[in-house]
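# Residue-level structural notes
Residue-level listing of the chains:
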Amino acid sequence: MIKDITLGQYFPGKSVIHRLDPRIKLLLTLIYIVMLFAASGFLGLGVGIVFLVLSFLLSGIPIKMMAKSVKPIIPIIIFTGILNLLFVSSGDVLFSYGFIKITYDGLRTMIFMAVRIVFLICGTSLLTYTTSPIALTDAIERILSPLRAIKFPSHEIAMMMTIALRFIPTLIEETDKIMSAQKARGADLESGTLVRRAKALVPILIPLFISAFRRAEELALAMECRCYRGGEGRTRMKQLKTTWRDYVAVIISLIFFAGVILLNIFLPI
């Protein structure tokens, strides 16, 4: 069901990962992304996977949440895998029929890219699972604050990103309610040809867009009633502070990153 999608949700907790400075968590996420893309073989990719699994265990977030975070991008993974399988022509030929040629390198690239995308999404999802929207907004704003010297609206950009991320679960829940209501009225959303199923989405998209615009208007009105004027003169109840655990987390992530680089040099498998 669509309500099982957990993209953008926050799960409160008191684990080590939850208590990290959100700025450090953004840095760790960036290091993890670079780690995955720096890996040239499955061994290097495995180091990144071990790093992510350990992070999930330390956060207290169930491992099964990794599967739920991947659910929305399954079509993208399949499409990317097929492209790599068909258009990588180097290596030994495993199957050939007409213009279709599947090679060993194509199969290996398909698996490698699919695994990379899956764990890339899982790693970035862990950031939102363990960081509240307010903390994430403050972290993004503090990171972008040096750009204020060139009149860059760091607070507004951070606020827009966080609001968009915050409303993903809300829109998913709203979509599920609309689909259930349409099915109760006899709508068939799961059978028929691709064109018919696409047409069946129209009664879902129209009320969803109306609901989204209504929520946006209500949010804007609420912010205006509370005299919201951007980041100017804004104070924070909780100040962001780095502690020893933040530095330890950065050092550990750099050790894993160094392991990926060493594997690329000595064991590029």
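Residues numbered from 1 in each chain as written. Predicted model: local features only at pLDDT ≥ 70, side-chain atom pairs only at ≥ 80, totals over all residues. Heavy atoms only, no water.

Along its length, the protein chain carries 10 helices and two strands. Within the span of the protein chain, comprising 269 residues, buried residues form 35% of the whole. Counted over contacts in the protein chain with a minimum sequence separation of 6, partners at least 24 positions apart contribute 73%. For the protein chain, the exposed surface amounts to about 16,500 Å²; the carbon and sulfur share of it is 70%. When the 30 positive and 17 negative side-chain charges of the protein chain are each reduced to one mean point, those points stand 4 Å apart. (Helix = DSSP H or I, 4+ residues; strand = E, 2+ residues; numbered from the N terminus. Buried < 20%, exposed > 50% of the residue type's maximum accessible area, 1.4 Å probe, protein only. Contact = heavy atoms within 4.5 Å. Areas by Shrake-Rupley, 256 points an atom, 1.4 Å probe, with all protein chains shown as cover. Lys, Arg positive; Asp, Glu negative; His and termini not counted. Charge placed at Lys NZ, Arg CZ, Asp CG, Glu CD.)

Where helix H2 (residues 42-59) contacts helix H5 (residues 104-130), the two axes come as close as 11 Å, and the packing angle between them is 25°. The orientation of H2 relative to H5 falls into the category roughly parallel. In terms of crossing hand, the pair formed by H2 and H5 is left-handed. Where H2 abuts H5, its residues Phe-42, Leu-45, Ile-49, Leu-52, Ser-55, Phe-56 and Ser-59 lie against Arg-108, Ile-111, Phe-112, Val-115, Arg-116, Phe-119, Cys-122, Gly-123, Leu-126, Tyr-129 and Thr-130. Looking at the contact of H2 with H5 residue by residue, the class counts come to 12 nonpolar, four polar and two charged. (Axes fitted to C-alpha atoms, helices over the stretch in contact; angles between N-to-C directions. Parallel < 35°, antiparallel > 145°, perpendicular 65-115°, else oblique. Left-handed = near helix turned anticlockwise from the far one by under 90°. Nonpolar A, V, L, I, M, F, W, Y, C, P; charged D, E, K, R; others polar.)

In this numbering, the UniProt entry assigns the feature "transmembrane region" (unreviewed entry) to residues 30-58, 70-90, 110-129 and 247-267. Between the C-alpha atoms that bound residues 70-90 the distance is 30 Å, and the span itself is 71% helix and 0% strand. As a span, residues 247-267 carries 95% helix and 0% strand, and end to end its C-alpha atoms are 29 Å apart. (UniProt positions renumbered as here; feature names shortened; annotations may be inferred.)

Turning next to the packing of aromatic side chains. Tallied over the full model, the rule gives five aromatic pairs. Relative to Phe-51, the ring of Tyr-32 lies with its centre 6.0 Å away and its plane at 25°, an arrangement referred to as stacked. Note that Tyr-32 is positioned in helix H1 (residues 22-38) and Phe-51 in helix H2, a separation of 19 residues in sequence. Overall, the relative accessible area of 3% leaves Tyr-32 in the buried class. The class for Phe-51 is buried, based on a relative accessible area of 11%. With centroids separated by 5.4 Å and ring planes inclined at 85°, the aromatic side chains of Phe-42 and Phe-112 adopt a geometry described as edge-to-face. Here Phe-42, found in helix H2, pairs with Phe-112, found in helix H5; they are 70 residues apart in sequence, far enough to count as distant. Feature note: the residues Phe-11, Phe-56 and Tyr-129 constitute an aromatic cluster, connected by ring pairs. (Phe/Tyr/Trp six-rings, centres within 6.5 Å; stacked < 30°, edge-to-face > 60°.)

Here is a general trend for soluble globular proteins: nonpolar side chains tend to be buried in one another's company. Membership of the largest hydrophobic core comes to 27 residues, with the highest contact counts inside it found for Tyr-32, Met-35, Leu-52, Phe-56, Ile-61, Met-66 and Phe-119. Elements represented by at least two residues in this core include exactly H1, H2, helix H3 (64-70), H5 and helix H10 (244-266). Residues contacting Tyr-32, with those up to four places away along its chain left out, are Gly-48, Phe-51, Leu-52, Phe-119, Leu-120 and Gly-123. Grouped together as the second largest cluster of nonpolar side chains are six residues, Leu-20, Ile-24, Leu-28 and Val-250 included. (Core = buried A, V, L, I, M, F, W, Y, C linked by side-chain atoms within 4.5 Å.)

Mapped onto the secondary structure, Leu-126 falls in helix H5. For Leu-126, a relative accessible area of 7% puts it in the buried group. Between the C-alpha atom of Leu-126 and that of Phe-37, which follows or precedes it by 89 residues, the distance is 18 Å. Setting aside anything within four residues of it in sequence, one finds Leu-126 in contact with Leu-52, Ser-55, Phe-56, Ser-59 and Ile-61.

This next bit is on the side chain of Thr-137. Tracing the sequence through the fold places Thr-137 in helix H6 (residues 133-144). With sequence-adjacent residues up to four places away left out, Thr-137 is seen in contact with Ala-158, Met-159 and Thr-162.

In this structure, the largest pocket spans a volume of roughly 1,100 Å³. Together, 40 residues line the largest pocket, and Ser-132, Pro-133, Ile-134, Ala-135 and Asp-138 are the ones closest to its centre. Listing elements by their share of the lining of the largest pocket, those giving two or more residues are H1, H6, helix H7 (154-184), helix H9 (202-225) and H10. Looking at side-chain class alone, the lining of the largest pocket contains 16 nonpolar, 11 polar and 13 charged residues. (1 Å grid on protein atoms, 1.4 Å probe; cavity = no way out; pocket = protein on both sides within 12 Å on 5 of 7 lines; lining within 4 Å. Points joined across faces, edges and corners; volume = space filled by probe spheres on them.)

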